[in-house]
Every structure is written in structure tokens, then in C-alpha cells.
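Geometric and topological summary
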Amino acid sequence: MSSKIRDTRARGRPRGFDETLAIEAAMRVFWAQGYAAASVDTLSRAMHVPRASLYQMFGDKEGLFLAAIRHYRDVSFAPVMQLLNAGKTLRDDLTAFFNGLIEFATRDAKTPGCLIACVLADAAGNDGHMRDELTEKFDNIERALSDRVAKAQEIGQVPAQPPADDLGMMLAATARGLMVRARTGCPASDLYPAVTAVVDLVAGKPH
């Protein structure tokens, strides 16, 4: 980022402005309303900044949305991803990950589902920049799941076939599907059985 852009954004910040809290507020608006429906006026009110300051700090609505996506990935969703590498068996780690995913996606009726799998996926459309952002986020989650399966395969905890990459893609697709169903208001109790089924497929049924 150039010094000119940094200076412009600094000048646009209201006195006492907390960027983390502002982005958190914007994230929740986008998550609740979707990208298209979240107006700049609604966002500026939630963030407690004037419209002019919002544009000076983030460039435009898309810039703010992408900042909210990064905050979501690094702060809000990070604890769920950490469950995937708790150091237990593959079955335990996958179960914890998916159960945590469902709890995360259903705990607040105002923000159901996932900001990435639901809101960013809907916003991407024919927008090349957002599609690239979505692809990167999907690839990262698939890679994390594939790596976890590969570790279990390396120590003989689960069979070497199907390949870890294929299983990672399947697990990631299941995660996205659960998020989308949560977005529709599907209760957690209806989603947990799918976790048991997919974990049994990948990690084997418990003895």
C-alpha cells in the first residue's frame, strides 16, 4: 500500500476511531444482510463513522467487504479451524471441527451460516476480483482438510485411498453445505447427523 493511500485513510479516520471494532460491526451487517442489501448508510451507522470517512478509509463498499472477509477469516472463524488440528485422532479432530462449525453457524439467528460460503459466494457472481477471493478461501479450507487427512494416512490411522486431496475436497464441500443449510434456518440438531455420516466415511466407524 502506498504512503499516499495510507495518509488518505489516516485523514479519514474520525477521532477515537477503532478500526477493529468498526470492521467487526461491518462484518456483522454484511453477514446478516448479504453484500447487495447492506447499504453504505447502514454500514456507516453500524460502524459509527460518516459515509465520507468510510470511503476514505476503505475506498468503497467492496473494499470494506473484503476487509470484513479478512477479519472474519483471521478472527471469527479461526477458532473453528484450530479444532481441526487438536492433536487427537482424525475421527476426533474431524468431529470437533464439524461440530464447532455447526455451533458457529447456528449460534446467532441474526448471522446464520458463513460469511464466505454464503455471503461472499453469493456476491462473487461475475465479479472477477470477488471470485478470486472466494476461490482462495475455498482452496485454503480444502488444503487444511486434505493436510489433516494426509497426516492420518501417513501414520496408518486411515487407508491411503482415496487420496487425501479428494477427501479434503469432499469434506470441504460438506462443510459448505452445512453452512448453507444453517443459513436457511435449519437447526443444529438436524445438521449433526450429517457430521456422523461424513466422519464415518472418512475416518471409519468407531470400534
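Residues numbered from 1 in each chain as written. Predicted model: local features only at pLDDT ≥ 70, side-chain atom pairs only at ≥ 80, totals over all residues. Heavy atoms only, no water.

When you go through the protein chain residue by residue, the secondary structure sums to 11 helices and zero strands. Helices (α) and strands (β) of the protein chain occur, in sequence order from the N terminus, as α-α-α-α-α-α-α-α-α-α-α. Counting only C-alpha atoms, the protein chain reaches 60 × 35 × 35 Å along its principal axes. Counting contacts in the protein chain only where the partners sit at least 6 residues apart, residues at least 24 apart contribute 66% of the total. Accessible surface computed for the protein chain: about 10,800 Å², of which carbon and sulfur atoms make up 53%. (Helix = DSSP H or I, 4+ residues; strand = E, 2+ residues; numbered from the N terminus. Contact = heavy atoms within 4.5 Å. Areas by Shrake-Rupley, 256 points an atom, 1.4 Å probe, with all protein chains shown as cover.)

Time to look at unusual backbone geometry. Leaving glycine aside, a negative phi is the common case for residues, and trans is the common case for peptide bonds. Residues Gln161 and Pro162 are joined by a peptide bond in cis, for which omega reads 0°. Within the fold, Pro162 resides in the loop between helix H9 (128-154) and helix H10 (164-183). Positive phi, normally seen in glycine, also occurs at His48, with a value near 60°. Of note, His48 is situated in the loop between helix H3 (40-47) and helix H4 (51-58).

On average, the protein chain scores 91 in pLDDT, and the residues at 70 or more come to 92%. Mean pLDDT per element in the protein chain: helix H1 (residues 3-11) is the minimum at 41, and H10 is the maximum at 98. Here residues 1-10 scores under 50 on pLDDT; set against residues more than four positions off or in separate chains, the count is six contacts. (pLDDT = per-residue confidence, 0-100.)

So, about H10. Along its 20 residues, H10 runs 28 Å from first to last C-alpha, staying within 8% of the 28 Å computed at 1.5 Å per residue. Every buried residue of H10 is accounted for by Ala164, Leu167, Gly168, Leu171, Ala172, Ala175, Leu178, Met179 and Ala182. For H10, the angular spread of buried residues about the axis comes to 135°, placing them on one side. Opposite the buried face of H10, at more than 90 degrees from it, the exposed residues are Asp165 and Met169. Buried positions along H10 lie against helix H5 (61-76), helix H7 (90-106), helix H8 (115-124), H9 and helix H11 (188-203). Just downstream of H10, Gly185 is the residue with a positive phi angle, here 95°. (Expected span 1.5 Å × (residues − 1). Buried < 20%, exposed > 50% of the residue type's maximum accessible area, 1.4 Å probe, protein only. Arc of directions from axis to C-beta.)

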